[in-house]
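What the coordinates show
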Amino acid sequence: MIIREAVLLTLTLLATVLLFTPFLWLLGIVAYNGALTIIKAGPSFLIKEPPLPESNSLGGIGTVLEGSLFLVATATAIAAPLSVISALYIVIYENSPLAKLGKYLLELVVEFPTIVVGISVFLFFGLILGLGLSSLTASIALAIIMLPYATVQITEALRIPKSTVYEAAASLGLNEAHVTRIMLIEGKRGVVTGILIGMAKIFGETAPLLFTTTTSFNLYVKGFLSPVSAIPVLIFNYAFSPYDNWHDTAWGASLVLSIIVLSIYLAVKLTLARGGRS
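Residues numbered from 1 in each chain as written. Predicted model: local features only at pLDDT ≥ 70, side-chain atom pairs only at ≥ 80, totals over all residues. Heavy atoms only, no water.

**Let's talk about the packing of aromatic side chains**
On inspection of all chains with the given rule, the structure shows seven aromatic pairs. Relative to tyrosine 93, the ring of tyrosine 89 has its centre 5.0 Å away and its plane inclined at 45 degrees; by these criteria the two rings are tilted. Tyrosine 89 gets classed as partly exposed once you look at its relative accessible area, which sits at 33%. Seen in terms of ring centroids, phenylalanine 124 and phenylalanine 125 are 5.0 Å apart; in terms of plane orientation they differ by 85 degrees. Their pairing is edge-to-face. Taken together through their ring pairs, the aromatic side chains of Phe217, Tyr238, Tyr243 and Trp246 make up a single cluster. (Phe/Tyr/Trp six-rings, centres within 6.5 Å; stacked < 30°, edge-to-face > 60°. Buried < 20%, exposed > 50% of the residue type's maximum accessible area, 1.4 Å probe, protein only.)

**Description of helix H7 (residues 188-203)**
Under the 1.5 Å per step criterion, the end-to-end length of H7 is 23 Å for 16 residues, consistent within 8% with the ideal 22 Å. Across the 16 residues that make up H7, a large majority, 12, are buried. Of all the positions in H7, only Gly190, Val191, Thr193, Gly194, Ile195, Leu196, Ile197, Gly198, Met199, Ala200, Ile202 and Phe203 are classed as buried. (Helix = DSSP H or I, 4+ residues; strand = E, 2+ residues; numbered from the N terminus. Expected span 1.5 Å × (residues − 1).)

**With respect to the confidence of the model for the protein chain**
On average, residues of the protein chain score 86 in pLDDT, and 95% of them are at 70 or above. Per-element confidence in the protein chain is highest for helix H9 (residues 231-239), whose mean pLDDT is 93, and lowest for helix H6 (residues 176-186), whose mean pLDDT is 77. (pLDDT = per-residue confidence, 0-100.)

The following block contains the structure:
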C-alpha cells in the first residue's frame, strides 16, 4: 500500500512538472529577452514610437500600447453591459427556450475560431458599412470574442445569489427590477471576475486584429474611425521580419503584454480570494 501510494505520488508530481515545464520555459525566454530589451531601451520603451528597420534604435511600443489599451477599453464598454444583461436573462429565465438557445450559442461562440470573427467583422463593418481599418471595427471584433467568455463566467457567478436570494426576494413581493438589483449586488465579485477574464482573453488576441487594424505602427489613436494598431499585431509582424532591432522590440513588447495579461489574472485571483473571505 505504501509503495503504491509513493508511485502514484511520484507519477502525479512528474505529470505536474511535465505540464508546467513548457509554460515556464516559454515565460522564462520571454522574460529574459524582453527584460534585456527594456533595460537597454530604458523606461522610454513604453512611450516611444516603434523603430525604423536596420537602425541602432530599439524605439518603443508607445503607439501600439496606447492602441491596445484603447481597443480593449472600447471592446469592454461594448461587451460588459451585454454580458451582464445576457447572464441575468439566462439565470432568471433559465427554463425558457430563448435562454436555452442563448446558452447554447454562447458555448458555440466560445469554440468559434477567432480568425473567422475577424474576417466576418471586417467584411461587414469594414467593407459593407465602410468603417475600414478603424478602432471601432477592431473593437467590435474583440467585443464579440469577449462576450461569450464574460457571459459564461457571470452566468455561473449569478446562479448562487439566484438560488439564495431570488426566491426570498420574490416571496416578499419585490418587483423584478429590485430582485435583479439584489442579485447583482450579491454577485458583484463574480461579475467583475467575468469581465476581467474577458479582458485578459482579448488583450492577447492576434488573429481578428490582423484583419481590422493597420500595420502602420507609428499611428496614435485619434478617434473611433481612425486606423490603429496593437501590441499583438506588432509582435506578429516584427517577429517574422529580417531586422534584428525589430526582433528585440518584439521581445520587449511580448514581455509587456505578458505582464498585462498576468496582472489581470492576478486581479481575478485576488477578487475571488476576497469574495471567499467575505
